[in-house]
Amino acid sequence: MEGKMKKSAVMNTLKKKIREHKYKFTTQRQVILQAFLESKENHMCAEDVYEFVRDNNPEIGLATVYRSLELFTSLELLKKLDFGDGRSRYELNDHNLAHSHYHLICLKCGKVIEFSYDFMNKMKEKIKHFSLLTVSTLIMAVGTYFFKFTNNFTFGGITGLAVLVADKTSISASDFSFIANMLLLIIGLFVLGKKFAAQTAYSSILLSVTLSGLERIYPMSHPLTNEPLLELIFAIVLPAIGSAILFNIGASSGGTDVIAMILKKYTSVDIGKGLLASDILFTIAGFFVFDIKTGLYSLLGLTMRSTLIDSLIESLNRSKYFHVVCSEPEPICEFIKNDLKRGATIVLAQGAFTGDDKYIILTVLSPNEAIKLRNFIKAHTTGAFLLIS
(Lines give C-alpha, C1' and ligand atoms only; values in the text may rest on other atoms or scores of the structure.)
Protein backbone atom coordinates (compact mmCIF):
# COMPACT_ATOMS: atom_id res chain seq x y z
CA MET A 1 0.00 0.00 0.00
CA GLU A 2 2.76 2.39 0.97
CA GLY A 3 4.65 1.57 -2.25
CA LYS A 4 1.60 2.34 -4.39
CA MET A 5 1.06 5.66 -2.61
CA LYS A 6 4.69 6.60 -3.16
CA LYS A 7 4.54 5.73 -6.88
CA SER A 8 1.32 7.73 -7.22
CA ALA A 9 2.97 10.73 -5.57
CA VAL A 10 5.96 10.38 -7.89
CA MET A 11 3.74 10.26 -10.95
CA ASN A 12 1.82 13.34 -9.82
CA THR A 13 5.11 15.19 -9.41
CA LEU A 14 6.26 14.19 -12.89
CA LYS A 15 2.90 15.19 -14.36
CA LYS A 16 3.15 18.59 -12.70
CA LYS A 17 6.66 19.18 -14.08
CA ILE A 18 5.60 18.28 -17.63
CA ARG A 19 2.66 20.65 -17.51
CA GLU A 20 4.82 23.42 -16.05
CA HIS A 21 6.81 23.27 -19.31
CA LYS A 22 3.60 23.62 -21.35
CA TYR A 23 3.57 20.01 -22.61
CA LYS A 24 0.55 17.72 -22.56
CA PHE A 25 0.58 14.78 -20.20
CA THR A 26 -0.68 12.24 -22.73
CA THR A 27 -1.56 8.62 -22.02
CA GLN A 28 1.52 7.45 -23.95
CA ARG A 29 3.83 9.65 -21.88
CA GLN A 30 2.20 8.48 -18.67
CA VAL A 31 2.65 4.81 -19.65
CA ILE A 32 6.32 5.34 -20.54
CA LEU A 33 7.05 7.11 -17.28
CA GLN A 34 5.13 4.42 -15.41
CA ALA A 35 7.54 1.87 -16.87
CA PHE A 36 10.39 3.42 -14.88
CA LEU A 37 8.34 3.12 -11.69
CA GLU A 38 7.12 -0.44 -12.30
CA SER A 39 10.13 -2.12 -13.91
CA LYS A 40 12.64 -4.02 -11.77
CA GLU A 41 15.34 -2.85 -14.20
CA ASN A 42 16.50 0.59 -13.06
CA HIS A 43 18.51 1.46 -16.19
CA MET A 44 16.41 0.89 -19.31
CA CYS A 45 17.23 1.70 -22.89
CA ALA A 46 14.53 2.66 -25.41
CA GLU A 47 14.14 -0.98 -26.53
CA ASP A 48 13.70 -2.10 -22.91
CA VAL A 49 10.96 0.48 -22.38
CA TYR A 50 9.25 -0.55 -25.63
CA GLU A 51 9.31 -4.24 -24.65
CA PHE A 52 7.90 -3.37 -21.22
CA VAL A 53 4.90 -1.34 -22.49
CA ARG A 54 3.95 -2.90 -25.84
CA ASP A 55 1.92 -5.90 -24.56
CA ASN A 56 -0.64 -3.74 -22.79
CA ASN A 57 -0.19 -0.74 -25.07
CA PRO A 58 0.35 -1.97 -28.65
CA GLU A 59 -0.44 1.50 -30.04
CA ILE A 60 2.84 2.83 -28.64
CA GLY A 61 5.62 2.38 -31.19
CA LEU A 62 9.39 2.43 -30.75
CA ALA A 63 9.59 5.89 -32.36
CA THR A 64 7.15 7.25 -29.77
CA VAL A 65 9.31 5.80 -27.01
CA TYR A 66 12.44 7.45 -28.44
CA ARG A 67 10.74 10.85 -28.77
CA SER A 68 9.30 10.66 -25.26
CA LEU A 69 12.63 9.67 -23.70
CA GLU A 70 14.39 12.57 -25.41
CA LEU A 71 11.67 14.95 -24.22
CA PHE A 72 11.87 13.67 -20.63
CA THR A 73 15.64 14.01 -20.75
CA SER A 74 15.43 17.60 -22.00
CA LEU A 75 13.00 18.38 -19.16
CA GLU A 76 15.46 16.71 -16.73
CA LEU A 77 12.87 14.17 -15.63
CA LEU A 78 15.18 11.39 -16.78
CA LYS A 79 18.93 11.12 -16.75
CA LYS A 80 20.62 9.77 -19.87
CA LEU A 81 23.43 7.31 -19.13
CA ASP A 82 26.23 5.98 -21.31
CA PHE A 83 27.74 2.71 -20.10
CA GLY A 84 30.08 2.38 -23.07
CA ASP A 85 28.17 -0.37 -24.88
CA GLY A 86 26.68 1.87 -27.61
CA ARG A 87 23.22 1.99 -26.02
CA SER A 88 21.80 4.95 -24.11
CA ARG A 89 20.02 4.08 -20.87
CA TYR A 90 17.74 6.17 -18.73
CA GLU A 91 16.79 6.51 -15.07
CA LEU A 92 14.68 8.90 -13.02
CA ASN A 93 16.58 12.10 -12.43
CA ASP A 94 14.68 13.74 -9.59
CA HIS A 95 16.79 13.54 -6.41
CA ASN A 96 13.62 13.40 -4.35
CA LEU A 97 12.34 10.39 -6.31
CA ALA A 98 15.41 8.22 -6.79
CA HIS A 99 18.28 7.70 -4.43
CA SER A 100 21.69 9.01 -5.48
CA HIS A 101 24.08 6.25 -6.44
CA TYR A 102 27.11 5.09 -8.37
CA HIS A 103 27.07 2.48 -11.15
CA LEU A 104 29.33 -0.57 -11.23
CA ILE A 105 29.37 -2.21 -14.68
CA CYS A 106 30.53 -5.73 -15.50
CA LEU A 107 32.69 -5.43 -18.62
CA LYS A 108 31.94 -9.02 -19.64
CA CYS A 109 28.17 -9.35 -19.31
CA GLY A 110 27.22 -5.67 -19.11
CA LYS A 111 25.31 -6.07 -15.85
CA VAL A 112 24.88 -2.82 -13.93
CA ILE A 113 24.88 -2.75 -10.13
CA GLU A 114 23.95 0.31 -8.12
CA PHE A 115 25.86 1.45 -5.07
CA SER A 116 24.30 4.25 -3.08
CA TYR A 117 26.24 7.38 -2.14
CA ASP A 118 25.67 6.44 1.49
CA PHE A 119 27.47 3.14 0.99
CA MET A 120 30.35 4.73 -0.90
CA ASN A 121 30.63 7.58 1.60
CA LYS A 122 30.78 5.06 4.43
CA MET A 123 33.54 3.22 2.56
CA LYS A 124 35.43 6.50 2.09
CA GLU A 125 35.08 7.25 5.80
CA LYS A 126 36.38 3.80 6.72
CA ILE A 127 39.34 4.15 4.35
CA LYS A 128 40.08 7.61 5.74
CA HIS A 129 39.83 6.28 9.31
CA PHE A 130 42.11 3.33 8.50
CA SER A 131 44.62 5.63 6.77
CA LEU A 132 44.73 7.99 9.75
CA LEU A 133 45.22 5.05 12.12
CA THR A 134 48.10 3.74 10.00
CA VAL A 135 49.91 7.04 9.41
CA SER A 136 49.59 8.26 13.00
CA THR A 137 50.80 4.93 14.41
CA LEU A 138 53.81 4.85 12.07
CA ILE A 139 54.70 8.43 13.06
CA MET A 140 54.64 7.36 16.72
CA ALA A 141 56.83 4.34 15.95
CA VAL A 142 59.47 6.41 14.12
CA GLY A 143 59.66 8.99 16.89
CA THR A 144 59.84 6.33 19.58
CA TYR A 145 62.43 4.07 17.98
CA PHE A 146 64.85 6.56 16.44
CA PHE A 147 64.76 9.29 19.09
CA LYS A 148 63.36 7.93 22.35
CA PHE A 149 64.80 4.45 22.78
CA THR A 150 68.35 5.33 21.75
CA ASN A 151 68.52 8.30 24.15
CA ASN A 152 66.98 6.40 27.10
CA PHE A 153 64.13 8.87 27.52
CA THR A 154 61.73 7.26 30.01
CA PHE A 155 58.56 9.38 29.65
CA GLY A 156 55.42 7.93 28.09
CA GLY A 157 53.76 4.77 29.43
CA ILE A 158 54.80 1.35 28.15
CA THR A 159 57.60 2.65 25.92
CA GLY A 160 59.04 4.56 28.92
CA LEU A 161 58.93 1.39 31.01
CA ALA A 162 60.51 -0.50 28.10
CA VAL A 163 63.56 1.79 28.21
CA LEU A 164 64.04 1.01 31.91
CA VAL A 165 63.59 -2.74 31.43
CA ALA A 166 65.95 -2.84 28.45
CA ASP A 167 68.76 -1.32 30.52
CA LYS A 168 68.47 -3.93 33.28
CA THR A 169 67.70 -7.05 31.23
CA SER A 170 68.77 -8.67 27.99
CA ILE A 171 65.49 -7.87 26.25
CA SER A 172 65.38 -4.84 23.96
CA ALA A 173 63.01 -1.94 24.42
CA SER A 174 61.25 -2.77 21.13
CA ASP A 175 60.70 -6.42 22.05
CA PHE A 176 59.51 -5.53 25.55
CA SER A 177 57.01 -3.07 24.07
CA PHE A 178 55.78 -5.78 21.72
CA ILE A 179 55.33 -8.35 24.50
CA ALA A 180 53.73 -5.89 26.93
CA ASN A 181 51.32 -4.50 24.36
CA MET A 182 50.27 -7.98 23.20
CA LEU A 183 49.66 -9.13 26.78
CA LEU A 184 47.63 -6.03 27.56
CA LEU A 185 45.70 -6.46 24.31
CA ILE A 186 44.79 -10.06 25.19
CA ILE A 187 43.76 -9.04 28.71
CA GLY A 188 41.71 -6.20 27.29
CA LEU A 189 39.99 -8.57 24.85
CA PHE A 190 38.80 -10.85 27.66
CA VAL A 191 37.99 -8.11 30.16
CA LEU A 192 36.59 -5.39 27.88
CA GLY A 193 35.20 -7.43 25.01
CA LYS A 194 35.43 -7.54 21.21
CA LYS A 195 34.42 -3.91 20.76
CA PHE A 196 37.58 -2.86 22.59
CA ALA A 197 39.73 -5.13 20.40
CA ALA A 198 38.25 -3.73 17.20
CA GLN A 199 39.01 -0.15 18.25
CA THR A 200 42.47 -0.68 19.71
CA ALA A 201 44.04 -3.84 18.33
CA TYR A 202 45.12 -2.50 14.94
CA SER A 203 47.12 0.47 16.22
CA SER A 204 48.58 -1.47 19.12
CA ILE A 205 49.71 -4.38 16.93
CA LEU A 206 51.03 -2.08 14.18
CA LEU A 207 53.03 -0.01 16.69
CA SER A 208 54.51 -3.11 18.35
CA VAL A 209 55.35 -4.87 15.07
CA THR A 210 56.86 -1.70 13.57
CA LEU A 211 59.12 -1.14 16.59
CA SER A 212 60.35 -4.74 16.48
CA GLY A 213 60.71 -4.58 12.73
CA LEU A 214 62.76 -1.37 12.83
CA GLU A 215 65.08 -2.94 15.40
CA ARG A 216 65.83 -5.79 13.02
CA ILE A 217 65.95 -3.77 9.82
CA TYR A 218 67.88 -0.80 11.23
CA PRO A 219 69.54 -1.75 14.55
CA MET A 220 70.83 1.24 16.53
CA SER A 221 73.40 1.18 19.32
CA HIS A 222 73.66 4.96 19.75
CA PRO A 223 71.65 8.11 18.97
CA LEU A 224 71.44 9.51 15.45
CA THR A 225 73.16 12.76 16.47
CA ASN A 226 75.22 14.23 19.30
CA GLU A 227 72.47 16.74 20.10
CA PRO A 228 70.25 15.26 22.84
CA LEU A 229 68.04 18.36 23.00
CA LEU A 230 67.33 18.14 19.27
CA GLU A 231 66.55 14.44 19.60
CA LEU A 232 64.31 15.14 22.60
CA ILE A 233 62.28 17.54 20.48
CA PHE A 234 61.69 14.83 17.86
CA ALA A 235 61.03 12.22 20.57
CA ILE A 236 58.27 14.52 21.87
CA VAL A 237 56.83 15.98 18.67
CA LEU A 238 56.48 12.86 16.50
CA PRO A 239 54.69 10.65 19.06
CA ALA A 240 52.62 13.66 20.14
CA ILE A 241 51.42 14.21 16.57
CA GLY A 242 50.54 10.52 16.25
CA SER A 243 48.76 10.45 19.61
CA ALA A 244 46.82 13.64 18.84
CA ILE A 245 45.53 12.20 15.56
CA LEU A 246 44.54 8.94 17.26
CA PHE A 247 42.78 10.68 20.14
CA ASN A 248 41.02 13.01 17.70
CA ILE A 249 39.44 10.08 15.81
CA GLY A 250 38.58 8.25 19.02
CA ALA A 251 41.31 5.64 18.78
CA SER A 252 44.21 4.52 20.98
CA SER A 253 47.59 2.86 20.53
CA GLY A 254 46.99 0.55 23.49
CA GLY A 255 49.63 0.28 26.21
CA THR A 256 48.69 1.92 29.49
CA ASP A 257 45.42 3.07 27.89
CA VAL A 258 44.23 -0.54 28.23
CA ILE A 259 44.98 -0.47 31.95
CA ALA A 260 43.07 2.80 32.19
CA MET A 261 40.00 1.29 30.50
CA ILE A 262 40.05 -1.73 32.83
CA LEU A 263 40.35 0.45 35.94
CA LYS A 264 37.57 2.69 34.69
CA LYS A 265 35.27 -0.32 34.26
CA TYR A 266 35.80 -1.84 37.70
CA THR A 267 36.90 1.00 40.00
CA SER A 268 36.26 4.66 40.75
CA VAL A 269 39.95 5.53 40.47
CA ASP A 270 40.72 8.84 38.75
CA ILE A 271 42.21 7.44 35.52
CA GLY A 272 43.93 10.64 34.42
CA LYS A 273 45.75 11.05 37.71
CA GLY A 274 46.64 7.35 37.80
CA LEU A 275 48.22 7.44 34.33
CA LEU A 276 50.04 10.67 35.13
CA ALA A 277 51.39 9.10 38.33
CA SER A 278 52.72 6.08 36.41
CA ASP A 279 54.35 8.37 33.82
CA ILE A 280 55.97 10.42 36.58
CA LEU A 281 57.18 7.23 38.30
CA PHE A 282 58.83 5.94 35.10
CA THR A 283 60.37 9.36 34.46
CA ILE A 284 61.80 9.68 37.99
CA ALA A 285 63.21 6.16 37.71
CA GLY A 286 65.30 7.44 34.82
CA PHE A 287 67.29 9.61 37.27
CA PHE A 288 68.42 6.48 39.16
CA VAL A 289 68.71 3.95 36.32
CA PHE A 290 70.64 6.30 34.01
CA ASP A 291 71.89 9.72 35.11
CA ILE A 292 70.63 13.14 36.14
CA LYS A 293 71.04 14.58 32.64
CA THR A 294 68.89 11.84 31.05
CA GLY A 295 66.38 12.14 33.88
CA LEU A 296 66.04 15.89 33.38
CA TYR A 297 65.53 15.45 29.64
CA SER A 298 62.84 12.84 30.36
CA LEU A 299 61.13 15.12 32.87
CA LEU A 300 61.14 17.95 30.33
CA GLY A 301 59.76 15.56 27.71
CA LEU A 302 56.92 14.46 30.00
CA THR A 303 55.92 18.07 30.67
CA MET A 304 56.03 19.17 27.05
CA ARG A 305 54.35 16.03 25.65
CA SER A 306 51.05 16.50 27.48
CA THR A 307 50.86 20.18 26.59
CA LEU A 308 51.72 19.54 22.95
CA ILE A 309 49.10 16.77 22.53
CA ASP A 310 46.38 19.03 23.96
CA SER A 311 47.44 21.88 21.65
CA LEU A 312 47.50 19.63 18.59
CA ILE A 313 44.03 18.21 19.31
CA GLU A 314 42.70 21.75 19.74
CA SER A 315 44.29 22.77 16.43
CA LEU A 316 42.76 19.80 14.60
CA ASN A 317 39.28 20.80 15.79
CA ARG A 318 39.60 24.56 15.45
CA SER A 319 36.87 26.26 13.39
CA LYS A 320 36.36 29.80 12.13
CA TYR A 321 33.25 31.90 12.69
CA PHE A 322 32.18 33.79 9.56
CA HIS A 323 30.11 36.95 9.23
CA VAL A 324 29.39 37.61 5.55
CA VAL A 325 27.76 40.97 4.84
CA CYS A 326 26.14 41.08 1.40
CA SER A 327 23.14 42.24 -0.63
CA GLU A 328 22.35 38.86 -2.24
CA PRO A 329 22.73 35.96 0.21
CA GLU A 330 21.26 33.20 -2.01
CA PRO A 331 24.40 32.23 -4.03
CA ILE A 332 26.58 32.22 -0.93
CA CYS A 333 24.09 30.18 1.11
CA GLU A 334 23.69 27.69 -1.74
CA PHE A 335 27.47 27.24 -1.86
CA ILE A 336 27.62 26.73 1.92
CA LYS A 337 24.77 24.18 1.88
CA ASN A 338 25.49 22.26 -1.31
CA ASP A 339 29.28 22.41 -1.65
CA LEU A 340 30.52 22.75 1.92
CA LYS A 341 27.64 20.72 3.42
CA ARG A 342 27.29 23.21 6.26
CA GLY A 343 24.45 25.22 7.71
CA ALA A 344 24.06 28.99 7.86
CA THR A 345 21.84 31.64 9.43
CA ILE A 346 20.71 34.78 7.58
CA VAL A 347 20.12 37.99 9.55
CA LEU A 348 18.49 41.04 7.98
CA ALA A 349 20.44 44.22 8.75
CA GLN A 350 20.63 47.86 7.68
CA GLY A 351 23.67 49.92 6.77
CA ALA A 352 24.18 52.75 9.27
CA PHE A 353 25.65 55.11 6.66
CA THR A 354 23.57 54.33 3.55
CA GLY A 355 20.43 52.98 5.17
CA ASP A 356 20.39 50.15 2.59
CA ASP A 357 19.10 46.72 3.52
CA LYS A 358 21.86 44.15 3.96
CA TYR A 359 22.07 40.52 4.92
CA ILE A 360 24.50 38.99 7.37
CA ILE A 361 25.25 35.29 6.85
CA LEU A 362 26.50 33.51 9.98
CA THR A 363 28.30 30.18 9.62
CA VAL A 364 31.06 28.13 11.26
CA LEU A 365 33.64 26.42 9.04
CA SER A 366 36.88 24.50 9.30
CA PRO A 367 40.04 26.29 8.10
CA ASN A 368 39.95 24.46 4.73
CA GLU A 369 36.27 25.26 4.24
CA ALA A 370 36.93 28.88 5.19
CA ILE A 371 39.43 29.22 2.34
CA LYS A 372 36.93 27.73 -0.14
CA LEU A 373 34.19 30.14 0.95
CA ARG A 374 36.50 33.13 0.80
CA ASN A 375 37.60 32.22 -2.73
CA PHE A 376 34.00 31.66 -3.82
CA ILE A 377 32.92 35.06 -2.52
CA LYS A 378 35.81 36.79 -4.28
CA ALA A 379 35.04 35.04 -7.58
CA HIS A 380 31.24 35.16 -7.64
CA THR A 381 30.01 38.15 -5.62
CA THR A 382 30.58 41.89 -5.55
CA GLY A 383 30.21 44.23 -2.63
CA ALA A 384 30.34 41.45 -0.01
CA PHE A 385 32.87 41.50 2.79
CA LEU A 386 33.90 39.06 5.49
CA LEU A 387 34.51 39.16 9.19
CA ILE A 388 36.36 36.07 10.46
CA SER A 389 36.89 35.12 14.09
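Refer to the preceding data block for the structure.
On a predicted model such as this, the values are computed, not experimentally measured, just so you know.

Nonpolar side chains tend toward joint burial in soluble globular proteins. Y145, F146, F149, F153, F155, L211 and L232 are the most contacted members of the largest nonpolar core, which totals 33 residues. Of all elements in the fold, only helix 5 (117–149), helix 6 (157–168), helix 7 (173–192), helix 8 (194–217), helix 9 (228–248), helix 10 (256–266) and helix 12 (292–316) reach the threshold of two or more residues within this core. The greatest single-element share of this core, amounting to 7 residues, is contributed by helix 5. Sequence-distant contacts of L232, defined by excluding residues within four places in its chain, comprise F153, F155, Y297, L300 and G301. If you look at the next biggest cluster of nonpolar residues, it comprises 25 residues, including I32, L33, V53 and F72.

This next bit is on helix 14 (residues 367–380). Taking 1.5 Å per residue, 14 residues should reach 20 Å; helix 14 reaches 20 Å between its end C-alpha atoms and fits that length. Within the span of helix 14, buried status applies to E369, A370, L373, F376 and I377. Taken end-on, helix 14 shows its buried residues confined to a sector of 130°, consistent with a single buried face. Away from its buried face by more than 90 degrees, helix 14 exposes N368, K378 and A379. Those residues of helix 14 that are buried lie in contact with strand 6 (320–326), helix 13 (330–339), strand 8 (357–365) and strand 9 (385–388).

This brings us to the sheet that holds strand 3 (residues 88–92). Working definition: the strands of a sheet are paired by backbone hydrogen bonds and lie parallel or antiparallel to each other. Taken together, 3 strands build an open sheet; the order of strands is 1-3-2 and the sheet is antiparallel. With one partner strand each, in any of the chains shown, strand 1 (44–45) and strand 2 (78–82) form the two edges of the open sheet. In this structure, strand 2 lies alongside strand 3, joined through 5 bridges in antiparallel fashion. Each bridged residue has a counterpart across the sheet, and for K80 the counterpart in strand 3 is Y90. In this fold helix 2 (residues 27–38) packs onto strand 1, strand 2 and strand 3, with an angle of close to 80° to the strand it touches most, strand 3.

Moving on: the sheet that holds strand 6. Read across the sheet, 4 strands follow the order 7-8-6-9 without closing on themselves; strand pairing throughout is antiparallel. Where the open sheet ends on each side, the last strands, each with one partner, are strand 7 (345–350) and strand 9. Ignoring strand direction, the axes of neighbouring strands in this sheet form an average angle of 25°. Bridging between strand 6 and strand 8 involves 7 bridges; their strand directions are antiparallel. Residue F322 lies in a different strand from strand 8, and its bridge partner there is T363. Contacting strand 6, strand 7 and strand 8, helix 13 crosses the sheet at an angle of about 15° to strand 8. Across the face of the sheet, helix 14 comes into contact with strand 6, strand 8 and strand 9 while running at roughly 155° to strand 8.

Taken together, the side chains of L229, L230, I233, F234, L300 and M304 define a hydrophobic patch exposed on the protein surface, amounting to about 500 Å² of accessible area. Elements with a contribution of two residues or more to the nonpolar patch: helix 9 and helix 12. Within the secondary structure, L300 is located in helix 12.

Moving on, we get to the environment of T73. Along the chain, the position of T73 falls in helix 4 (residues 62–74). When the C-alpha atoms of T73 and Y90 are compared, they prove to be 8.4 Å apart, with 17 residues separating the residues in sequence. Beyond its immediate sequence surroundings of up to four residues, T73 is in contact with L78, K80 and Y90. One polar contact links the side chain of T73 to the main-chain carbonyl oxygen of L69, over a distance of 2.7 Å.

Definitions and limits used
- Each chain has its residues counted from 1, running along the sequence as written.
- Whole-chain, interface and lining totals are the exception, using all residues; otherwise, since this is a predicted model, local features are given only for residues with pLDDT of at least 70 and side-chain atom pairs are given and counted only at 80 or more.
- Side-chain metrics in this entry use all non-hydrogen atoms of the structure; hydrogen atoms and water are not considered.
- By nonpolar core we mean a set of buried residues, namely Ala, Val, Leu, Ile, Met, Phe, Trp, Tyr and Cys, connected to one another through side-chain atoms within 4.5 Å.
- Accessibility here uses a 1.4 Å probe with only protein chains present; expressed as a share of the type maximum, an area under 20% marks a residue as buried, one over 50% as exposed, and anything in between as partly exposed.
- Per the convention used, a helix needs a DSSP run of H or I reaching at least four residues, while a strand needs a run of E reaching at least two, with both numbered from the N terminus.
- By definition, residues are in contact when any of their heavy atoms lie within 4.5 Å.
- The span expected for a helix works out to 1.5 Å for each residue beyond the first.
- An arc is given here, and it is the one of the directions from the helix axis to the C-beta atoms.
- Any two strands with at least two DSSP bridges between them are considered paired.
- Every axis corresponds to a line fitted to the C-alpha atoms, with the helix fit spanning only the stretch in contact, and the corresponding angles, defined between N-to-C directions, vary from 0 to 180 degrees.
- Each patch is assembled from residues with relative accessible area greater than 30% and no salt bridge, linking like charges that lie within 9 Å and nonpolar side chains (Val, Leu, Ile, Met, Phe, Trp, Tyr) that lie within 5 Å.
- Per-residue and other accessible areas follow the Shrake-Rupley method at a 1.4 Å probe size, with only the shown protein chains counted as cover for residues.
- The working definition used for a salt bridge is a side-chain nitrogen of Lys or Arg within 4 Å of a carboxyl oxygen of Asp or Glu.
- Within 3.5 Å is the distance limit for a polar contact, defined as a pair of N or O atoms, with the added protein rule that one can donate a hydrogen and the other accept it, and that residues adjacent in sequence qualify only through two side-chain atoms.

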